[in-house]
Amino acid sequence: MTQSVVVQVGQCGNQVGCRFWDLALREHAHINKKGLYDEALGSFFRNVDSRDCDGGASVVGGRIQHLKARAVLVDMEEGVVNEILQGPLREMFDSTQLLTDVSGSGNNWAVGHMTYGSAYREQIVDKLRKASEHCDCLQCFFLIHSLGGGSGLGTRVLSLLEEEFPEVCRIVTSIYPSAEDDVITSPYNSVLAMRELTEHADCVLPVENQSLVDIVNKIKRMSHDGKPGSVIKSESTVISGQGGLSGAEKPFDAMNNIVANLLLNITSSARFEGSLNMDLNEIAMNLVPFPRLHYLVPSLTPLYTLAVNVPTRRLDQMFSDAFGKDHQLIRAEPKHSLYLACALMVRGNVQVSDLRRNIERLKPSLPFVSWNQEGWKTGLCSVPPVGHSHSLLALANNTCVKPTFMELRERFTKLYRKKAHLHHYLQVEGMEQSLFSEAISSLSSLIEEYHQLDATRGRFMPDAPRLSIAV
Amino acid sequence: MSIVTVQLGQCGNQVGHALFDVLCSDAQEGQRKVFSSSSCERFFHQTAHGDLVARAVLIDMEPKAINQSISRAAKSGKWRYGETSHFSQKQGSGNNWANGYCVHGPRHRERVEELLRREVERCDRLAGLMAIMSVAGGTGSGVGTYVTECLRDVYPKSFILNHLTWPYRTGEVIVQNYNSVLTLAHLYQLSDAILVHENDTVHRICSQLLNIKQISFGDVNSVIAHQLGGILQPALTADSCGVYSRNPLGELVSCLTCHPEYKLLSVSTIPQMPSSSMAYSTFSWPSLLKHLRQMLISNTKMEEGIDWQVRPPAGAERTRTLTGPSFNTSLANLLILRGKDVYSAETGQRTDLRTPNVAFEDPALFTSWLSSEDAVNVWKTPVPFNKYEKCATLVSNSQALLRPLDNMVGKAWNMFASRAYIHQYLKFGISEEDFLDSFTSLEQVISSYNQLR
């Protein structure tokens, strides 16, 4: 069994991270009835004997004494982290896992990446190293951050992770800003960050705020509908934090819960058993055909469970939903673009025949690239999430991210042409104009790579001529 | 004479567990002391307390599947795995053949060889080694190939049989075709015989013959275990002079894989039906054999949906043209018959035109450069197998796997042409040259099988 470490950076990263830990505890509490510290729990938590001043972790199989999250919390402003430390999850983190400063990055990527990045480099590496030393077999770093704000520190941490721990997989959850983002310089921050993501991450799970808002609204509409037959079990929704430690819900909690659920589902097969296991390193292996094209569109279903019992028809509906736009975490049109690869992680009482039947059924409507017509990676985990009998997470490597990136490039160019706010960045030590042009050209060449593949869509691609053997 | 089994990866460990379950319960069925003790000796070792411990080594790069197999075996109460006969790591091979073959294999070589040596030393006499694995993932394929190399190194005179599970054609793992091509190309040089089960075929058996509605991997593994068990349980062969053969793997290999270019074996078993129907069915050898023969010729793996239109070329003249679109030419066939009245079963030359055509020795079924008497072997054992009153298994070295193999190589080649995923393999130590070599070897195999016609 392997362990993963969550690195949450910035206000957004820490808020999402906080929800993640709450829901993770809830999930394990649901399954782990005996109160023993088992391997599944160990993948995200350490079990610490609080009398032991060294804070050494106890072995798997013992009783749960004191769980500490395998996390590193970084923020250049202390507001959010302090809130966490005063909240019900405060016991999960000890001071060696935190790194804060007072003034924040001022929504300036350069300040985060360059100034704070250099000033705190050693401390960051030290905390990461400590977290990794507590792990028996560290498989993955999950980095959570947003791109719009001062995303600089997040990307600096990412490149440090690659430097110090090159063998460990880096899966980054990035919250992409919407067009109406209230941070004016978010296009600069996003494009500068994207270059780092393209170069240093193994996989990126882009999430758009607007999609999260849409999902939240959809669920709220359902619960207020009041029609018979549409009563939802409230603790089962993907936005609910019920059953967790935190009491009242805070404003962004609903949206952040969705992202937290995404992370729980991705790691489910690595933590729990099933008939077809899918480990985290298999995700990167199967979904990334070319090193830079590692942006995976996530889709979660179901969003909620009805209070009445569900027949098998619902199971097929779950598969169809995963490929519908309502369940995607970014706004995009995968069915109108080209699939390079797709992973389906199923949880709960679902068998291989259900999986095969649905793949056969959905395949004709999904355009796959010519050399990967059967580009499906599947996983079956027996343990369903809390409140559901089964669930499905689809991760698609699809060229539909191209329009999102193109839009980002356009918003960047609008500002850059006028050199608006540029001086705020250039006055930061270490920052040069060339970084801007390199970043935009990295984005452009990424878009071009997707474009080349897109161009093959619908075109008949003949099979490559086979090797001929002298008879 | 004992067989030591190596179970590799999740699939290998799940299939292996199902196999030992079938072997144990079949061996302990009824009052057949000689058969029982021969079977137990072959697959299990008996402890001082009378426990049956499987002669197996379980290997995986992550612990979940092994733990599951070990605990399920222990729960059965009838047999178990050795306490220390397993090896696992914490982190899997990530579906990457190169990771399995170049990194994990060599890293853990000593430990694995140690476990194998201990298991082999527990045998009075070693009949051979069997490795069970899948070709789609990373450990079964990559580590499995490396371990087979080690087996060949350490036991150069032993018979090595590889049992492979080929994945569903519509993808379980995206890079499955790469992993399969690399595995098969390497195994061809190392293995004595490669016995193949395809998930698609077994799935169809589950749904159409066994009427299972929601098919799980457990169901698939049971069918594979039943078919494998039918081959491996003790049998009376032509050479064994009235006792159960002491050299099962050797005899299998000499019957079927007489030429190094032709090592792919497929299996068909008849009858296969839900256990609830068995009480109401009667079987006759002529009927079973007739169906089995047609299954061979038309290349179907089930007794349902057989194409009776396919016929072998008539007359003594063997022409080089195709006699029908799906005629399956064989190199060699092994018929293993088990059950009641087995000695009355007729499989030889067609003597009377009025009797149903059960002639397996018909030269028309075979390629021209082997005489049909040498190409067909029949093992008849009067002991029923796995609760079937009569059971016939056909192990065939024929063109049956040609189309699936060609498919697999074609898809892998297409993907390779665009260089997709190659960077993932290169970073673990294999090169594009290695890929090309593997492709070349397999095209050679495909060409050889094509020319059987």
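Here the structure is a predicted model, which means the values were calculated and not measured.

Here we take up the overall build of chain B. Within chain B, the secondary structure is distributed over 16 helices and 12 strands. Across its three principal directions, the C-alpha atoms of chain B cover 65 × 60 × 45 Å. In chain B, which comprises 453 residues, the share counted as buried stands at 64%. In chain B, of all internal contacts separated by at least 6 residues, the share reaching a separation of at least 24 is 79%. Surface summary for chain B: the accessible area is close to 16800 Å², and the carbon and sulfur share equals 49%.

With that settled, the discussion passes to the sheet that holds strand β7 (residues 160-166) of chain B. Whenever strands of a sheet pair, they do so through backbone hydrogen bonds, lying parallel or antiparallel. All names here are of chain B. Here we have 10 strands laid out as an open sheet, ordered β5-β4-β1-β6-β7-β8-β9-β12-β10-β11, and mixed in their pairing. Looking at strand neighbours, the two that pair on one side only are β5 (86-88) and β11 (376-381), the edges of this open sheet. Adjacent strand axes in the sheet meet at a mean angle of 20 degrees when their direction is disregarded. Strand direction decides the pairing type here: strand β8 (residues 193-198) and strand β9 (residues 264-270), joined by three bridges, are parallel. If you follow Ile194 over to β9, its bridge partner there is Leu264. Strand contacts of helix α5 (residues 109-121): β1 (2-8), β4 (56-60), β5 and β6 (126-134), with the helix running at about 165 degrees to β4, the strand carrying the most contacts.

What follows concerns the domain arrangement of chain A. Residues and elements named next belong to chain A. By domain assignment, chain A separates into domain 1 (3-402) and domain 2 (403-456). Between domain 1 and domain 2, the contact holds 41 residues from the first and 35 residues from the second. At the boundary of domain 1 with domain 2, total buried surface from both sides reaches about 3400 Å², with 69% on carbon and sulfur atoms. Three residues, Tyr188, Val191 and Lys402, lead the burial of domain 1 against domain 2; their summed loss comes to 27% of the area buried on that side. Here domain 1 is connected to domain 2 by three salt bridges. The partner of Arg195 in a salt bridge is Glu438, and the shortest N-O contact between them spans 3.1 Å. Across the contact surface, domain 1 and domain 2 share 16 residue pairs in polar contact (both at pLDDT 80 or more). Looking at the side of domain 1 that touches domain 2, the elements with two or more residues in it are α4 (109-119), α7 (186-200), β12 (390-398) and α13 (401-417). No other element matches α7, which puts 10 residues into the side of domain 1 that touches domain 2. Split by residue class, the side of domain 1 that touches domain 2 holds 22 nonpolar, 13 polar and six charged.

Inspection of the entire model under this criterion finds 11 cavities of 30 Å³ or more. Roughly 520 Å³ of internal volume is contained in the largest cavity. Elements with a contribution of two residues or more to the lining of the largest cavity: α9 (253-271) and β11 (376-381) of chain A together with α1 (9-27), α6 (139-154), β7 and α9 (217-232) of chain B. In the lining of the largest cavity, the residues fall into 11 nonpolar, 20 polar and seven charged. As a volume, the second largest cavity reaches approximately 180 Å³. Lining the second largest cavity are 17 residues, and of these Val238, Asn261, Pro385, Val386 and His388 of chain A lie nearest its centre.

A few words now on the domain arrangement of chain B. All names here are of chain B. What the domain assignment lists for chain B is domain 1 (2-267), domain 2 (269-399) and domain 3 (403-450). On a C-alpha basis, the centroid separation for the pair domain 1 and domain 2 is 26 Å. At the interface, 39 residues of domain 1 touch 36 residues of domain 2. Buried area between domain 1 and domain 2, summed over both chains or domains, comes out near 3300 Å², and the portion from carbon and sulfur atoms is 61%. Contact with domain 2 buries area across many residues of domain 1, yet Leu209, His226 and Leu256 alone supply 20% of it, more than any other trio. Our count for the domain 1 to domain 2 interface comes out at zero salt bridges.

All names here are of chain A. Tracing the backbone shows Thr399 in the loop between β12 and α13. What makes Thr399 buried here is its relative accessible area of 0%. At a separation of 2.9 Å, a polar atom in the side chain of Thr399 contacts the main-chain amide nitrogen of Leu338. Polar side-chain contacts of Thr399 include one of 2.9 Å to the side chain of Asp454. Beyond its immediate chain neighbours, meaning those up to four positions away, Thr399 contacts Ser337, Leu338, Tyr450, Leu453 and Asp454.

Moving on, we get to the pairing of strand β6 (residues 138-146) of chain A. Within a regular strand, the side chains alternate between the two sheet faces. Residue and element names in this part refer to chain A. In terms of burial, β6 is largely enclosed, as nine of its nine residues are buried. Across six bridges, the pairing between strand β1 (residues 3-9) and β6 is parallel. Within the sheet, the bridge partner assigned to Val7 lies in β6 and is Leu143. Of the pairings in the sheet, the one linking β6 to strand β7 (residues 169-176) comprises seven bridges and is parallel in character. Within β7, the residue paired with His145 across the bridge is Ser174.

Residues and elements named next belong to chain B. Packing of helix α8 (residues 199-209) against α9 brings their axes to within 9 Å, and their N-to-C directions diverge by 100 degrees. With respect to α9, the element α8 is oriented roughly perpendicular. Contact residues: α8 offers Asn199, Val202, Ile205 and Cys206, while α9 offers Phe217, Asp219, Val220, Val223, Ile224 and Gln227.

Further remarks concern the interface of chain B and chain A. In this complex, chain B contributes 50 residues to the contact, which on the side of chain A involves 50 residues. Summing both partners gives a buried area of about 4300 Å² for chain B against chain A, and 52% of it is carried by carbon and sulfur. Broken down residue by residue, the surface that chain B buries against chain A is led by Lys64, Thr170 and Ile174 of chain B, which jointly contribute 16%. Applying the counting criterion to the chain B and chain A interface returns four salt bridges.

This part takes up unusual backbone geometry. Cis geometry marks the peptide bond from Thr301 of chain A to Pro302 of chain A; its omega dihedral reads -10 degrees. One can find Pro302 of chain A in the loop between β9 (297-301) and α11 (313-322). Here the bond from Ile270 of chain B into Pro271 of chain B is cis, since omega is -5 degrees, no more than 30 degrees from zero. The residue Asp341 of chain B is not glycine, and still its phi comes out positive at about 55 degrees. Its place among the elements puts Asp341 of chain B in the loop between β10 (330-339) and α13 (372-375). For Asp341 of chain B, a relative accessible area of 48% puts it in the partly exposed group. The phi dihedral of Arg419 of chain B falls on the positive side, at around 60 degrees, and the residue is not glycine. By the secondary structure assignment, Arg419 of chain B is in the loop between α14 (402-417) and α15 (422-426).

Attention now moves to α13 of chain A. Residue and element names in this part refer to chain A. Compared with the 24 Å implied by 1.5 Å per residue over 17 residues, the 24 Å span of α13 between its first and last C-alpha is a close match. For α13, every residue scored as buried is listed here: Val401, Lys402, Thr404, Phe405, Leu408, Arg411, Phe412, Leu415 and Tyr416. Once α13 ends, the next one or two residues include Lys419, with phi positive near 55 degrees.

What follows is about the confidence of the model for chain B. Residue and element names in this part refer to chain B. Of all residues in chain B, 95% attain a pLDDT of 70 or more, and the chain-wide mean is 88. Every residue in residues 315-324 is under pLDDT 50, and counting partners more than four places away or in other chains gives 12 contacts. Our summary of model confidence lists the complex with pTM equal to 0.89 and ipTM equal to 0.84.

Residues and elements named next belong to chain A. When you line up the elements, Phe405 lands in helix α13. Once the C-alpha coordinates of Phe405 and Thr2 are considered, the two residues, 403 residues apart in sequence, prove to be 34 Å apart. Each residue touching Phe405, except ones within four places of it in the same chain, is listed here: Tyr176, Met194, Tyr295, Leu443, Leu446, Ile447 and Tyr450.

Turning our eyes to something else, we now look at the side chain of Gln399 of chain B. Residue and element names in this part refer to chain B. The residue Gln399 is located in the loop between β12 (390-398) and α14 in this model. Residue classification places Gln399 among the buried positions, given a relative accessible area of 5%. At a separation of 2.9 Å, a polar atom in the side chain of Gln399 contacts the main-chain carbonyl oxygen of Tyr449. Other than its neighbours up to four places away in sequence, Gln399 contacts Phe327, Asn328, Thr329, Tyr449, Asn450, Leu452 and Arg453.

So, how was this worked out
- Residues numbered from 1 in each chain as written.
- Chains lettered and ligands numbered in written order.
- Predicted model: local features only at pLDDT ≥ 70, side-chain atom pairs only at ≥ 80, totals over all residues.
- Heavy atoms only, no water.
- Helix = DSSP H or I, 4+ residues; strand = E, 2+ residues; numbered from the N terminus.
- Buried < 20%, exposed > 50% of the residue type's maximum accessible area, 1.4 Å probe, protein only.
- Contact = heavy atoms within 4.5 Å.
- Areas by Shrake-Rupley, 256 points an atom, 1.4 Å probe, with all protein chains shown as cover.
- Pairing = 2+ DSSP bridges.
- Axes fitted to C-alpha atoms, helices over the stretch in contact; angles between N-to-C directions.
- Domains from an automatic or database assignment.
- Buried area = accessible area lost by both parts, 1.4 Å probe.
- Salt bridge = Lys/Arg side-chain N within 4 Å of Asp/Glu carboxyl O.
- Polar contact = N/O pair within 3.5 Å; in protein donor to acceptor, adjacent residues only side chain to side chain.
- Nonpolar A, V, L, I, M, F, W, Y, C, P; charged D, E, K, R; others polar.
- 1 Å grid on protein atoms, 1.4 Å probe; cavity = no way out; pocket = protein on both sides within 12 Å on 5 of 7 lines; lining within 4 Å.
- Points joined across faces, edges and corners; volume = space filled by probe spheres on them.
- Parallel < 35°, antiparallel > 145°, perpendicular 65-115°, else oblique.
- Expected span 1.5 Å × (residues − 1).
- pLDDT = per-residue confidence, 0-100.

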